[in-house]
Structure formats: structure tokens, C-alpha cells
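# Summary of the model geometry
Chain by chain, the residues:
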There are 2 protein chains.
Amino acid sequence: MIKRKAVKKSLECKVRITAITDTMQVLSGKWKIHILGTLLQGGKMRFMDLLREIDGIAAKMLSKELQDLEMNQLVTRTVVDTKPITVEYEVTEYGKTMEPIIDEIANWGVFYRNRLHGKD
Amino acid sequence: MIKRKAVKKSLECKVRITAITDTMQVLSGKWKIHILGTLLQGGKMRFMDLLREIDGIAAKMLSKELQDLEMNQLVTRTVVDTKPITVEYEVTEYGKTMEPIIDEIANWGVFYRNRLHGKD
DNA sequence: GAAACTAGTTTCCAATTGGTAACTAATGCA
DNA sequence: TGCATTAGTTACCAATTGGAAACTAGTTTC
């Protein structure tokens, strides 16, 4: 009983840390979760739809974040040959595996607000 | 069928966005999830324990992030009157409500790695 | 008396993030 | 002809983030 748990920084611990780092890197930045959340709710959406739907985002940011998400294969980008050309973004099947995370994050945020107000 | 879903930016949508923003603000920065994850696994831990356990973190960051977490009531800080004074950090009951989020994030990261390696 | 361990704090610096605004380029409409 | 809409891009700038290293300060051990 002198040294319980000497080797705490074990394999599973390192794997977990790496896993968390990976996920947070994929979701890095202020907007990716919002974009994914919006696309998960809205299905196929055009650039301008997203720009209008996501409050406060600038075209530059939306463009950059969508590129990141596309690179990570979480969303697809499809150019549609309409009169003024439009581009459709959609969450991939792979991207949909993010849904539990986003839901948990949204749930916690609601819980957090309720706690704040309940305590006032 | 001319304008389905005109009012997309509805109440529930705004609430969700606010909720996500709130959560991500509480978890902001590179380290908070790791600190919480480590404390959830390790129970009571001292400053130096955390510093050694969390690979790459500097004392300044650990200190600052712990203060943030304490302010948000996710962890408690207890000074223990040992020979060289020690400080114990522990996740609160409230902080434990973060566990589902952290688990989902860790799970996804593992899934992500597997997918990468499976595709090589 | 010097070194080491506790838990930090402080300073200084570099990189990243993100915002505004203007610009491109193609097409349609009045 | 000129304005609007589509989907961006570019340039510039400010704030935030985070890292390294040195420092404080009290106690204990050699």
C-alpha cells in the first residue's frame, strides 16, 4: 500500500488523451460544431442558406470551415448547375457520427442555463 | 409547396446554438477537457499530479485552466495542510455531468483513428 | 546552508484565430 | 446599362491563446 497506482499514465490513458485531441482538432474553431449542427438539422443546404442561418458567421469563416470539414470528410460539397450557380453542402454518413457529441454538448448547454436560472 | 420551411431560424434552433456556445465557452481552450477527463479518472489529484499526468501542459496553463473550471464550479480546490502544503483538485457532482460529453468525444476520436488505419 | 519539493505567478513572445470590408466573376432581370 | 444574386477570395488588422523560462515563497531534508 505504499505505492498504489504507480503507473497511472498507462496505455488507455494515453489513447484517451490522443482520442480527445484528435476529435477537438477536427472540431476546432468557433464555428464547426454550429455548421455541422445546422447541416444535420437542415439536410442539404446552400452556402447562402448557411450564411443566413448561422448567426454572426462571416463568408470567409464559413468558407474556410466548410473546407476543413470537407477535407475531413464530414461534409460534401456539390456544385449545382442552376441559373446562378449554387453549391450544396451536406453532412456525410461519417459526419453523422458526430451527432451524439453535438447533442451532448447542446444538452449540457441547456442544463447549464437551467441551473443558472434555477439558482437566481 | 412553394415555400416549405420559411421560418427555419426558429426558437429551438436559436436555443440550440446558444446552448452549444455556452458549453464550448465553459470548455474553451486546449486543456480543460483533458483536465476534467484526468480528474474524472483519477479522483482527487494534486497540482503536481496533474502537471505530471497531463502531457505537455505548463504550470501557467494548468493553473489558469483550473481557476476557470473552479469558477464554473466544475472542480473544487482544497488546500491540505501537509508538510509541504498540497492542494487537492476534484471534480464536483456538477462537473461529473460533463462526463457524457467527454466520453463521446473520446469515443469519436478512437473511432476516427480506427477509420484512418482501416483505410490505409 | 544548500538543494528540493510544494503550488503557483510573472514576463515576454510568437502563432493562431477570427472579424471587417472590399473585391472577383458569372448570370439574370428590369 | 446597371443592379442583384450566386459563391466565394483577398488583404489587413486586432485580440486571444498558449508556450518557455524565470521567479516567489514556505517547508523539509541532506
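Criteria and thresholds
- Residues numbered from 1 in each chain as written.
- Chains lettered and ligands numbered in written order.
- Predicted model: local features only at pLDDT ≥ 70, side-chain atom pairs only at ≥ 80, totals over all residues.
- Heavy atoms only, no water.
- Helix = DSSP H or I, 4+ residues; strand = E, 2+ residues; numbered from the N terminus.
- Contact = heavy atoms within 4.5 Å.
- Near = heavy atom within 4 Å.
- Polar contact = N/O pair within 3.5 Å; in protein donor to acceptor, adjacent residues only side chain to side chain.
- Nonpolar A, V, L, I, M, F, W, Y, C, P; charged D, E, K, R; others polar.
- Expected span 1.5 Å × (residues − 1).
- Buried < 20%, exposed > 50% of the residue type's maximum accessible area, 1.4 Å probe, protein only.
- Arc of directions from axis to C-beta.

All names here are of chain B. Positionally, Lys 44 belongs in the loop between α2 (32-42) and β1 (45-46). Each C-alpha atom, one on Lys 44 and one on Glu 88, is 6.0 Å from the other, the two residues being 44 residues apart in sequence. In this structure, Lys 44 is in contact with Glu 88, Tyr 89 and Glu 90, ignoring residues within four places of it in sequence.

With that out of the way, let us pick up the protein's contact with DNA strand D. Taken together, 20 residues lie near DNA strand D, and Ser 63, Arg 77 and Tyr 89 of chain A together with Lys 30 and Lys 60 of chain B sit nearest. Taken together, the sugar and phosphate atoms account for 75% of what DNA strand D places within 4 Å of the protein. In the environment of DNA strand D, a sugar or linking oxygen lies 3.4 Å from a nitrogen or oxygen atom belonging to the backbone of Ile 85 of chain A. In this structure, a sugar or linking oxygen belonging to DNA strand D sits 3.3 Å away from a main-chain N or O atom of Lys 83 of chain B. Looking at the surface near DNA strand D, the elements that each hand over two or more residues are α3 (47-53), α4 (59-71) and β3 (86-91) of chain A together with α4 (59-71) of chain B. Among the elements that make up the surface near DNA strand D, the one with the highest residue count is α4 of chain A (four residues). In the surface near DNA strand D, the residues fall into nine nonpolar, four polar and seven charged.

Moving on, we get to α4 of chain B. For the α-helix, the turn length of 3.6 residues means that residues three or four positions removed from each other point alike. Residue and element names in this part refer to chain B. Over its 13 residues, α4 extends 18 Å from the first C-alpha to the last, a length consistent with the 18 Å expected when each residue adds 1.5 Å. All of the buried residues along α4 are Leu 62, Glu 65, Leu 66, Asp 68 and Leu 69. Buried residues along α4 cover an arc of 160 degrees about the axis, so they all sit on one side. Turned more than 90 degrees away from the buried face of α4, the exposed residues are Lys 60 and Met 71. Taken from the residues just after α4, Gln 73 is the one with a positive phi, measuring 60 degrees.

Before going further, it helps to examine the protein's contact with DNA strand C. Lining the immediate environment of DNA strand C, one finds 21 residues, of which Lys 30 and Lys 60 of chain A together with Ser 63, Arg 77 and Tyr 89 of chain B sit closest. Of what DNA strand C places within 4 Å of the protein, 71% of the atoms are sugar or phosphate. One nitrogen or oxygen atom from the side chain of Lys 30 of chain A is found 2.3 Å from a phosphate oxygen belonging to DNA strand C. Within the contact set of DNA strand C, a phosphate oxygen lies 2.5 Å away from a side-chain nitrogen or oxygen of Arg 77 of chain B. Residue assignment for the surface near DNA strand C shows that the elements contributing at least two residues are α4 of chain A together with α3 (47-53), α4 and β3 (86-91) of chain B. No other element matches the four residues that α4 of chain B contributes to the surface near DNA strand C. Of the residues that constitute the surface near DNA strand C, the class distribution is ten nonpolar, four polar and seven charged.

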